Amino acid sequence: MPAPGQRSWSSGPALRLRGQLYCFTYGCSRPRAEPPLGGEEADRQVVELIPSQMAALRVFVGLTGQFRVPSADGRAEQVRTASCDHGIKRWRLHLTQEQMESAAYGLWLHRMPGSAAEANRFAREYGVVHSPARGRGRGTSGRRRTAVGGRKGCAG
């Protein structure tokens, strides 16, 4: 215990410095979402998700291996390393078309017992939807097609 009028090392400036060091260490150890180097970035698109969409994808990634539909290569890593832009409150991922279709499937699964808002927003912003194939028990994902008159319709 310090003498009256003296500070201990567990309070004041020393504690602030130690806390900043811990924050710096933690921040540096987190994985960062960076666009791939080389020719791979050409086939990736920046996808910005709202927090509820990201939460739904995290649940989907956590359940990987429990579905018959195989997950897209690298999708779990992209979700794990996603970065959050706190200014616009969006999670930023760099996804291939296959990963976007896998994300659309995960958001489609989320809409069954939960909310359709996340899947609808994803379809509206990125044009990728998942719709179950009729009569076959398998699902398909794809880009939306624009019908005559400029109205959007689902691929299926």
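Residues numbered from 1 in each chain as written. Predicted model: local features only at pLDDT ≥ 70, side-chain atom pairs only at ≥ 80, totals over all residues. Heavy atoms only, no water.

**Section: the sheet that holds strand β1 (residues 44-49)**
The strands that make up a sheet pair up through hydrogen bonds in the backbone, lying either parallel or antiparallel. Judged by pairing direction, the sheet is antiparallel, and its three strands sit side by side in the order β1-β3-β2 without closing on themselves. Unpaired on one side and paired on the other, β1 and β2 (83-85) mark the two borders of the sheet. Direction aside, neighbouring strands of the sheet carry axes that sit 35° apart on average. In the sheet, β1 pairs with strand β3 (residues 90-96) via six bridges, with the strands oriented antiparallel. If you follow E48 over to β3, its bridge partner there is R92. Against the sheet, helix α4 (residues 97-111) engages β1 and β3, with an angle of about 125° to β3. In the packing of helix α5 (residues 117-126) onto the sheet, the strands contacted are β1 and β3, and the crossing angle to β1 comes to about 140°. (Pairing = 2+ DSSP bridges. Helix = DSSP H or I, 4+ residues; strand = E, 2+ residues; numbered from the N terminus. Axes fitted to C-alpha atoms, helices over the stretch in contact; angles between N-to-C directions. Contact = heavy atoms within 4.5 Å.)

**Considering the environment of R92**
With respect to the element layout, R92 can be found in strand β3. With 13 residues separating them in the primary sequence, R92 and V79 have C-alpha atoms 9.1 Å apart. A distance of 3.4 Å separates a polar atom in the side chain of R92 from a polar atom in the side chain of D85. (Polar contact = N/O pair within 3.5 Å; in protein donor to acceptor, adjacent residues only side chain to side chain.)

**Re unusual backbone geometry**
Backbone geometry at K89 places phi at a positive 55°, although glycine is not the residue there. Along the chain, K89 turns up in the loop between β2 and β3.

**Some thoughts on the nonpolar core**
Grouped together as the largest cluster of nonpolar side chains are 22 residues, with contacts concentrated most on V47, L49, M54, L57, L93, M100 and F122. Non-local contacts of L93, meaning those with residues more than four positions away in its chain, are made with Q45, V46, V47, L49, M54, Q78, V79 and A82. (Core = buried A, V, L, I, M, F, W, Y, C linked by side-chain atoms within 4.5 Å. Buried < 20%, exposed > 50% of the residue type's maximum accessible area, 1.4 Å probe, protein only.)

**Focus: the pairing of β3**
With respect to burial, β3 is a largely interior element, five of its seven residues being buried. Here β2 pairs with β3 via three bridges, running antiparallel. Counted as the bridge partner of S83 is R92 from β3. Connecting the antiparallel pair β2 and β3 is a turn made up of four residues, with K89 showing a positive phi of about 55°.

**Observations regarding the confidence of the model for the protein chain**
Overall, the predicted model of the protein chain reaches an average pLDDT of 74, with 58% of residues at or above 70. Mean pLDDT values for the elements of the protein chain range from 36 in strand β6 (residues 145-146) up to 96 in α5. Overall, residues 134-139 carries pLDDT values under 50, and its contacts beyond four positions in sequence, including any with other chains, amount to six contacts. (pLDDT = per-residue confidence, 0-100.)

**Side note on the environment of A82**
Position of A82 relative to the elements: it lies in the loop between α3 (75-80) and β2. The exposure class of A82 is buried, given its relative accessible area of 3%. For A82 and H94, which are twelve residues apart along the polypeptide, the C-alpha to C-alpha distance reads 8.3 Å.

**Overview of α5**
Structurally, the α-helix is built with 3.6 residues per turn, so residues lying three or four positions apart point the same way. When α5 is considered as a whole, its buried residues turn out to be E118, A119, F122, A123 and Y126. In a view along the axis of α5, the buried residues occupy a sector of 130°, so they form one face of it. Directly beyond the C-terminal end of α5, a positive phi value near 70° is found at G127. (Arc of directions from axis to C-beta.)

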